[in-house]
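# Coordinate inspection notes
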Amino acid sequence: MEKKQSGTGTDTDSVTKKVPFLNRIDLSSPDIHQSVSLLKQACLDSGIFYVINHGISEELMEEVFEQNKNFFGLPLSEKMKVLRNEKHRGYTPLFDEILDPDNQVHGDLKEGYYIGVEVPEDDPKAEKPFYGPNVWPSDDILPGWRHTMEKYHLEALEVARAIARIIALALDLEADFFDKPEILGQPLALLRLLKYPGQISDPSNGLYGAGAHTDYGLITLLATDDVYGLQICKDKYAQPQVWEFIAPLKGAFIVNLGDMLERWSNCLFKSTLHRVLGNGQERYSIAYFVEPSYDCLVECLPTCKSAKNPPKFPPVMYGDYLGQRYKDTHIDLNVYNKLQS
Ligand code: OGA
Ligand code: NI
């Protein structure tokens, strides 16, 4: 192994390069071969690409952003009424999450709001972790808010399914591979509204909008406003790490691959290491985490293993995996109970 250069003044962090070019996958294109080829190239290279012409109207996108702002603009006392519960639904205050504890001095400088698939309390499925009813701000305070978010949740899932079909083809699987009930038939799709306050991050002092992390599931659809903040590190094992800004693209989704796709594909497709730096301007973004169901067994795909390339990971139950990741990155809810009592 080559000896690492010393005395360059860089630690784990480093130079920020120019904004990289990302492939654009056009969901309205009739040329599926081209889409598969562009997507595959992106997945082999960086695990991140844009999706354009996805079919969600501009009006709905604008409305979701508007309602996102409306929520975070409420007084803290109002937001605390819909505090995140044990099913991971509701409001997450500043510092609630810490995505990269080794390099952060405190939690992420962001507020969030989780909205999952609605499962009524009396549905047997609600007994499982992560399944249950959502929590909603009162309609008197934010009229139409729930309706907007539920509509977006449904439409984003259809976009995710369309992208997953292209991913399946890129992995030499049947197009509907990920449509199985335990994967995207009944997924654990989680919409997360985010607001980064107008503070400047300082990586060398461990201050981040969102610490470096990979997402957990299959893919994430990210919609952002036009404020820069998101960065990726293409080679997550390189030292020093090289971080590049991802340019916001109006009307498009930024799509990045999650850890389950890395496991399924035996590391052919890698999950994208990313983080968010605050630049002094407020920033709003909306993440949609597309994840398999709790009971899905994620094991190496038949097209991604051979005698020479055996599976690198043992099979894992997605729910077990996810539970651990949430535990590692979120404050214990008892902290809030103590604060309020
Ligand atoms: C996330 C995330 C990026 C952003 O919520 O996992 O990486 O731009 N968000 O908000
Ligand atoms: Ni992320």
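This report concerns the structure included in the present document. For every chain, the first residue of the written sequence is number 1, and numbering continues from 1 along that sequence. The order in which chains are written sets their letters, starting at A; the order in which ligands are written sets their numbers, starting at 1. Under the rules for a predicted model, residues below a pLDDT of 70 receive no local features and side-chain atom pairs below 80 are neither given nor counted, while totals for whole chains, interfaces and linings still include all residues. For side-chain calculations, the full set of non-hydrogen atoms in the structure is used, while hydrogens and water are omitted.

Moving on, we come to the environment of Thr 303. Structurally, the position occupied by Thr 303 is in the loop between β14 (297-298) and β15 (316-317). For every residue, the accessible area obtained with a 1.4 Å probe (protein chains only) is divided by the maximum for its type, and the residue is called buried under 20%, exposed over 50%, and partly exposed between those limits. The partly exposed category is assigned to Thr 303, whose relative accessible area is 37%. A sequence separation of 174 residues divides Thr 303 from Pro 129, and the C-alpha atoms of the two residues are 31 Å apart. Apart from residues lying up to four places away in sequence, Thr 303 is in contact with Leu 171, Asp 172 and Leu 173. Secondary structure elements follow DSSP: runs of H or I of four or more residues count as helices, runs of E of two or more count as strands, with numbering from the N terminus. Residues are treated as being in contact if the distance between any of their heavy atoms lies within 4.5 Å.

For the pair helix α1 (residues 32-45) and helix α4 (residues 145-170), interaxial distance at closest approach is 9 Å and the crossing angle is 80 degrees. In this view, α1 runs roughly perpendicular relative to α4, as classed from their interaxial angle. Across from Ile 32, Ser 35, Val 36, Leu 39 and Lys 40 in α1, the residues of α4 making contact are Ile 163, Ile 166, Ile 167, Leu 169 and Ala 170. With axes taken as lines fitted to C-alpha atoms, and helix axes fitted only over the stretch in contact, angles between N-to-C directions fall between 0 and 180 degrees. Geometric relationships in this document are graded by angle, where less than 35 degrees denotes roughly parallel, more than 145 denotes roughly antiparallel, 65 to 115 denotes roughly perpendicular, and other angles denote oblique.

Moving on: the sheet that holds strand β2 (residues 24-26). Taken together, 8 strands build an open sheet; the order of strands is β2-β3-β11-β8-β13-β6-β5-β4 and the sheet is mixed. Lying at the two open borders of the sheet, with one neighbouring strand each, are β2 and β4 (90-92). Between one strand axis and the next, the sheet turns by 25 degrees as a mean value, whatever way the strands run. Direction of pairing for strand β3 (residues 48-52) relative to strand β11 (residues 253-257): antiparallel, over a ladder of 4 bridges. From the neighbouring strand, Ile 48 faces β11, where its bridge partner is Asn 256. Across the sheet, helix α2 (residues 58-72) is in contact with β4, β5 (111-115), β6 (190-196), β8 (219-224), β11 and β13 (283-290); its angle to β13 comes to roughly 110 degrees. DSSP-based pairing: two strands are paired if at least 2 bridges between them are found.

Before going further, it helps to examine the packing of α2 against α4. What describes two packed helices is the angle between their axes and the distance between those same axes. At a minimum axis separation of 10 Å, α2 and α4 run at an interaxial angle of 130 degrees. By the angle between their axes, α2 is oblique relative to α4. Relative to α4, the crossing made by α2 is left-handed. Facing α2, whose interface residues are Leu 60, Met 61, Glu 63, Val 64, Gln 67, Asn 68 and Phe 71, α4 presents Trp 145, Thr 148, Met 149, Lys 151, Tyr 152 and Glu 155. Along the lines of polarity and charge, the residues of the contact of α2 with α4 split into 7 nonpolar, 3 polar and 3 charged. The sense of a crossing depends on the near helix, which, turned anticlockwise from the far helix by less than a right angle, makes the crossing left-handed and, turned clockwise, makes it right-handed. Each residue gets one label: Ala, Val, Leu, Ile, Met, Phe, Trp, Tyr, Cys and Pro are nonpolar, Asp, Glu, Lys and Arg are charged, and the others, such as Gly, are polar.

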